[in-house]
Amino acid sequence: METESKDIVSEVFCDVLEKLAYMFGESIPKEDFPGTGADYVQAAMTFSGPMTGKLTLAVPRAMSVEVAANVLGMEPGDELVETRSSDAIKEMLNVICGHVLTAVAGEEPVFELSAPTLEALDEANRVRMLNEEDTACFLVDDHPVLLRFSWEELSKLER
Amino acid sequence: MAFNILLVDDSATVRAVISKALQLAEVPINELHHAANGKEALDILDGHWIDLVFADINMPVMTGVEMVEKMCQDGLLKTVPVVIVSTEGSATRIDQLKDKGVRAYIRKPFTPELIREVVHNIMGVQNGN
């Protein structure tokens, strides 16, 4: 991720997080990303249009429950919150993706978005994601979070 | 006057959030129906009187845009107001949707106040008055 678009994505992520889930995120350098034994989940979705690419969000499973609780306005211990935690993270990624694309490409282009997917993320793949150049790191209410925005302009792909 | 409202989104979480926002906005509700895609929504519209539809764009089986196009082909259903609730921010897309008869566009994340304003503008009432 180039520095400019990385800054845009970081800003959008923190803004959406605050408005959608009432949580606060801060961007941190990769070298400050804490080692953690927490279980992680990874949500991902692709987009196509004038640019094509993928947005991937990796969060601790415990954070996905907090997101669901905040989005639904319920207590984290509520059975429904646990059930909806996967759905809530996918929806958060969906909202982030829509806002990132507008922030990066402007309001004229139309993008087709895939449905978000969710899967467990093991430690090896989390480390791999952390080391990717286009991955940004955050602390969200003390939860270490990774966000990767990888894209190419259509004109470059057609070459 | 209380409304029969249909929420169309493949995310149960989003439907729950819109439902909660409608309550917080004190929109008077008679019946609240849920559909996970455009096809399910058309089935509900076929069998129930619906005053207002809130629908997402990107859904499996049938998208919100396809649902609106189908509604436009039906003499009765084309009179039912549809509000698109989506994450997309493309002005081009929003114009295309309005050309197809969509009455309003709400971008996620939204507030109950925005929901109240949209319902008021479309239905011409506020808080049941």
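Residues numbered from 1 in each chain as written. Chains lettered and ligands numbered in written order. Predicted model: local features only at pLDDT ≥ 70, side-chain atom pairs only at ≥ 80, totals over all residues.

Participant: Would you explain the overall build of chain A in this entry?
Facilitator: Each helix and strand counted, chain A has 5 helices and 7 strands in total. For chain A, the N- to C-terminal ordering of α and β elements is α-β-β-β-α-α-β-β-α-β-β-α. For a compact globule of 159 residues, the expected C-alpha radius of gyration is about 15 Å, and chain A comes in at 15 Å, within 12% of that figure. Dimensions of chain A, computed from C-alpha atoms along their principal axes, come out at roughly 50 × 30 × 25 Å. Counting over 159 residues, chain A shows a buried share of 40%. Sequence separation of at least 24 residues holds for 67% of the intrachain contacts in chain A that already meet a minimum separation of 6. (Helix = DSSP H or I, 4+ residues; strand = E, 2+ residues; numbered from the N terminus. Rg over C-alpha atoms; globule rule 2.2 N^0.38 Å. Buried ≥ 20, exposed ≤ 12 C-beta atoms within 10 Å, placed from the backbone. Contact = placed C-beta atoms within 7 Å.)

Participant: I would appreciate a short explanation of the interface of chain A and chain B in the present structure.
Facilitator: Accessible area lost during the coming together of the parts is what is often quoted as the interface size. Between chain A and chain B, the residue contacts involve 24 residues of the former and 18 residues of the latter. Elements supplying a minimum of two residues to the side of chain A that touches chain B: helix H1 (3-21), helix H2 (61-72) and helix H3 (79-105) of chain A. If you tally residues by element for the side of chain A that touches chain B, the top one is H3(A), at 10 residues.

Participant: How do you make sense of the sheet that holds strand S2 (residues 29-35) of chain B when you look at a structure like this?
Facilitator: Where strands meet in a sheet, backbone hydrogen bonds hold them as pairs that are either parallel or antiparallel. All names here are of chain B. Across the sheet, which stays open at both edges, the 5 strands sit in the order S2-S1-S3-S4-S5 with parallel pairing between neighbours. Only two strands of the sheet have a single partner each, and these edge strands are S2 and strand S5 (104-107). Taken over all neighbouring pairs, the strand axes of this sheet differ in orientation by 20 degrees on average, direction set aside. As paired elements, strand S4 (residues 82-86) and S5 share 4 bridges and run parallel to each other. For Val85, the partnering residue across the bridge sits in S5 and is Ile106. Taken strand by strand, helix H2 (residues 38-47) contacts strand S1 (3-8), S2 and strand S3 (52-55), and its axis lies near 160 degrees from that of S1. (Pairing = 2+ DSSP bridges. Axes fitted to C-alpha atoms, helices over the stretch in contact; angles between N-to-C directions.)

Participant: Looking at this structure, I do not really get the environment of Asp51(B). What am I missing?
Facilitator: All names here are of chain B. Note on placement: Asp51 falls in the loop between H2 and S3. Between the C-alpha atoms of Asp51 and Ala2, which are 49 residues apart in sequence, the distance is 9.3 Å. Sequence-distant contacts of Asp51, defined by excluding residues within four places in its chain, comprise Phe3, Asn4 and Ile5.

Participant: Looking at this structure, how should I read the pairing of strand S2 (residues 40-48) of chain A?
Facilitator: Successive residues of a regular strand alternate their side chains across the two faces of the sheet. All names here are of chain A. Where S2 meets strand S3 (residues 51-60), 8 bridges bridge the pair, whose relative direction is antiparallel. Note on S3: the bridge partner recorded for Ala44 is Thr56. Where S2 and strand S5 (residues 117-121) come together, 5 bridges link them in antiparallel fashion. If you follow Val41 over to S5, its bridge partner there is Ala120. For S2 and strand S4 (residues 112-113), the ladder comprises 2 bridges, and the chain directions are antiparallel. Residue pairing for S4: Phe47 is matched across the bridge by Leu113.

Participant: Can you help me understand H3(A) in this one?
Facilitator: Along an α-helix, residues three or four apart share an orientation, since each turn contains 3.6 residues. All names here are of chain A. Across its 27 residues, H3 extends 40 Å between first and last C-alpha, which sits within 8% of the 39 Å expected from 1.5 Å per residue. Bending of H3 peaks at approximately 50 degrees at the position of Ser85. With respect to burial, H3 is a largely interior element, 19 of its 27 residues being buried. (Expected span 1.5 Å × (residues − 1). Bend = angle between axes of the 7 residues up to and from the residue.)

Participant: Explanation requested: unusual backbone geometry in the structure shown.
Facilitator: As a rule of thumb, non-glycine residues mostly have phi less than zero, and peptide bonds are mostly trans rather than cis. Following Lys108(B), the chain continues to Pro109(B) via a peptide bond in cis, the omega torsion being -5 degrees. Examined against the element boundaries, Pro109(B) turns out to sit in the loop between S5 and helix H5 (112-123). The phi torsion at Asp142(A) lies on the positive side, around 75 degrees, for a residue other than glycine. Mapped onto the elements, Asp142(A) comes out in the loop between strand S6 (135-140) and strand S7 (143-153). Taking the number of C-beta atoms within 10 Å as the measure of exposure, Asp142(A) has 8 and is therefore exposed.

Participant: Where do I start with the packing of H3(A) against helix H1 (residues 12-24) of chain B in this structure?
Facilitator: What describes two packed helices is the angle between their axes and the distance between those same axes. Where H3(A) contacts H1(B), the two axes come as close as 8 Å, and the packing angle between them is 85 degrees. Comparing the axis directions of H3(A) and H1(B) gives the class roughly perpendicular. Of H1(B), the residues touching H3(A) (which contributes Arg84(A), Asp87(A), Ala88(A) and Glu91(A)) are Ala12(B), Thr13(B) and Val14(B). When grouped by side-chain class, the residues that make up the contact of H3(A) with H1(B) number 3 nonpolar, 1 polar and 3 charged. (Parallel < 35°, antiparallel > 145°, perpendicular 65-115°, else oblique. Nonpolar A, V, L, I, M, F, W, Y, C, P; charged D, E, K, R; others polar.)

Participant: Sorry if this is basic, but what is going on with the pairing of S3(B) here?
Facilitator: Residues and elements named next belong to chain B. With burial as the criterion, each face of S3 is covered, one bearing Leu52 and Phe54 and the other bearing Val53 and Ala55. Relative to S4, S3 runs parallel, the two being bridged by 3 bridges. Across the sheet, Val53 pairs through a bridge with Val82, a residue of S4. Chirality of the crossover, the property in question, places the unit of S3, helix H3 (residues 64-72) and S4 among those that are right-handed. (Right-handed = clockwise from strand over helix to strand, strands pointing away.)

Participant: What is the right way to look at the packing of H2(A) against H1(B) in this model?
Facilitator: Interaxial distance between H2(A) and H1(B) falls to 9 Å at its minimum, and their mutual angle equals 30 degrees. Between H2(A) and H1(B), the angle falls in the class roughly parallel. In this structure, H2(A) contributes Ala68(A), Val71(A) and Leu72(A) to the contact, and H1(B) contributes Thr13(B), Ala16(B) and Val17(B). Taken together, the residues of the contact of H2(A) with H1(B) break down into 5 nonpolar, 1 polar and no charged.

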